[in-house]
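One letter stands for each residue in the lines below.
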Amino acid sequence: MNRLKRIAAPAALAALPGLAFAQGGAGLGGFGYGPGMMWWDDGWTTMFLGPFFMILVLAVIVMVAVALLRSAGTFTHGPTHPPQRTALDILKERFARGEIDAAEFESRRRTLGD
């Protein structure tokens, strides 16, 4: 019981200023705790500007996230395919493997136009 009194007494003392302030009369703007929220009394202007700025902030967050992911290489601009081999590349590979000799390689290379 003694321990409970040691804990409850400071908590009750800490709550006294708030309780006294809440019991005060209406101050600025008819509120007992101040003038109210920022731009609360503007009426219809904040009713339209609030959602506009919320959407604007969300769009900026999405754009930053996409930019970070693109810079990290997560997003690409289309599918990535290995480079296509040309007919000359295939001909060079066949010559390197020994499937064709030098005379046939030169003949086919001239036929391809390179």
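It should be emphasised that the depicted structure is a prediction, and the values quoted were computed from it without experimental measurement. (Residues numbered from 1 in each chain as written. Predicted model: local features only at pLDDT ≥ 70, side-chain atom pairs only at ≥ 80, totals over all residues. Heavy atoms only, no water.)

Draft legend 1. Just a nonpolar patch on the surface, in detail. On the surface, Leu49, Phe52, Phe53, Leu56, Val60, Met63, Val64 and Leu68 cluster together into a nonpolar patch covering about 770 Å² of accessible area. Mapped onto the elements, Val60 comes out in helix α2 (residues 44-71). (Patch = residues over 30% accessible without salt bridge, like charges linked within 9 Å, V, L, I, M, F, W, Y side chains within 5 Å. Areas by Shrake-Rupley, 256 points an atom, 1.4 Å probe, with all protein chains shown as cover. Salt bridge = Lys/Arg side-chain N within 4 Å of Asp/Glu carboxyl O. Helix = DSSP H or I, 4+ residues; strand = E, 2+ residues; numbered from the N terminus.)

Draft legend 2. View of the packing of aromatic side chains. Tallied over the full model, the rule gives 2 aromatic pairs. Ring geometry for Phe52 and Phe53: centres 5.4 Å apart, planes at 65 degrees, overall edge-to-face. Judged by relative accessible area, Phe53 falls into the partly exposed class, the value being 42%. Ring plane angle 25 degrees and centroid distance 4.8 Å describe the contact between Phe95 and Phe105, whose orientation is recorded as stacked. Remark: Phe105 occurs in helix α4 (residues 102-112) and Phe95 occurs in helix α3 (residues 87-97); sequence separation between them is 10 residues. Its relative accessible area of 35% is what places Phe95 among the partly exposed residues. (Phe/Tyr/Trp six-rings, centres within 6.5 Å; stacked < 30°, edge-to-face > 60°. Buried < 20%, exposed > 50% of the residue type's maximum accessible area, 1.4 Å probe, protein only.)

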